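A structural walkthrough
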Amino acid sequence: LTESLRHTGQHINHDGRAGTFVKALEFKHRLRICNAYPGTAAIDIYKGKGDRLNGDGPMPYKSCNDFVTPLKAGDKLEFKIGDTNAGTFSIADLPNNDAVLFL
């Protein structure tokens, strides 16, 4: 049995059940955002409705920051100046490799 499982990429777990060696690939996506919004106001960036990415304060005009946050297709990034919505970016797809994603 062990020999036949080895050929299929499976193994026997501690509890005697067959498991698998196959592991989903996870890519490292780093998000780089620069504030080039027309105007001199600082911006806040939110993932979804409430997860503020720039917890250390609003990003000043002409500044860039890198953010490490899990991203998936369908996520929305909202840009705000104070309480005013300055725009939304929707993630349609992500590359199947490690990458720096630039906005």
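Predicted model, so just to flag it, every value in this text is computed and none were measured. (Residues numbered from 1 in each chain as written. Predicted model: local features only at pLDDT ≥ 70, side-chain atom pairs only at ≥ 80, totals over all residues. Heavy atoms only, no water.)

1. Section: the confidence of the model for the protein
Mean pLDDT over the protein: 83, with 77% of residues reaching 70 or higher. No element of the protein has a lower mean pLDDT than helix α1 (residues 2–8), which averages 49, and none a higher one than strand β4 (residues 44–47), which averages 95. (pLDDT = per-residue confidence, 0-100. Helix = DSSP H or I, 4+ residues; strand = E, 2+ residues; numbered from the N terminus.)

2. Description of the nonpolar core
Counting 14 residues, the largest nonpolar core has L31, I33, I45 and F67 as its most contacted members. Counting only elements with at least two residues in this core, the list comes to β3 (29–34), β7 (76–81) and β9 (99–102). Not counting residues within four places of it along the chain, the set of residues in contact with L31 comprises L53, N65, D66, F67, L71, L77, L101 and L103. (Core = buried A, V, L, I, M, F, W, Y, C linked by side-chain atoms within 4.5 Å. Buried < 20%, exposed > 50% of the residue type's maximum accessible area, 1.4 Å probe, protein only. Contact = heavy atoms within 4.5 Å.)

3. Some words on the sheet that holds β9
Within the open sheet, the three strands sit side by side as β6-β3-β9. Their pairing is mixed. Each edge of the sheet is formed by a strand with only one pairing partner; in this case those strands are β6 (64–67) and β9. Each strand axis lies, on average, 25° off the axis of its neighbour in the sheet, ignoring direction. Where β3 and β6 come together, four bridges link them in antiparallel fashion. Residue R32 lies in a different strand from β6, and its bridge partner there is D66. (Pairing = 2+ DSSP bridges. Axes fitted to C-alpha atoms, helices over the stretch in contact; angles between N-to-C directions.)

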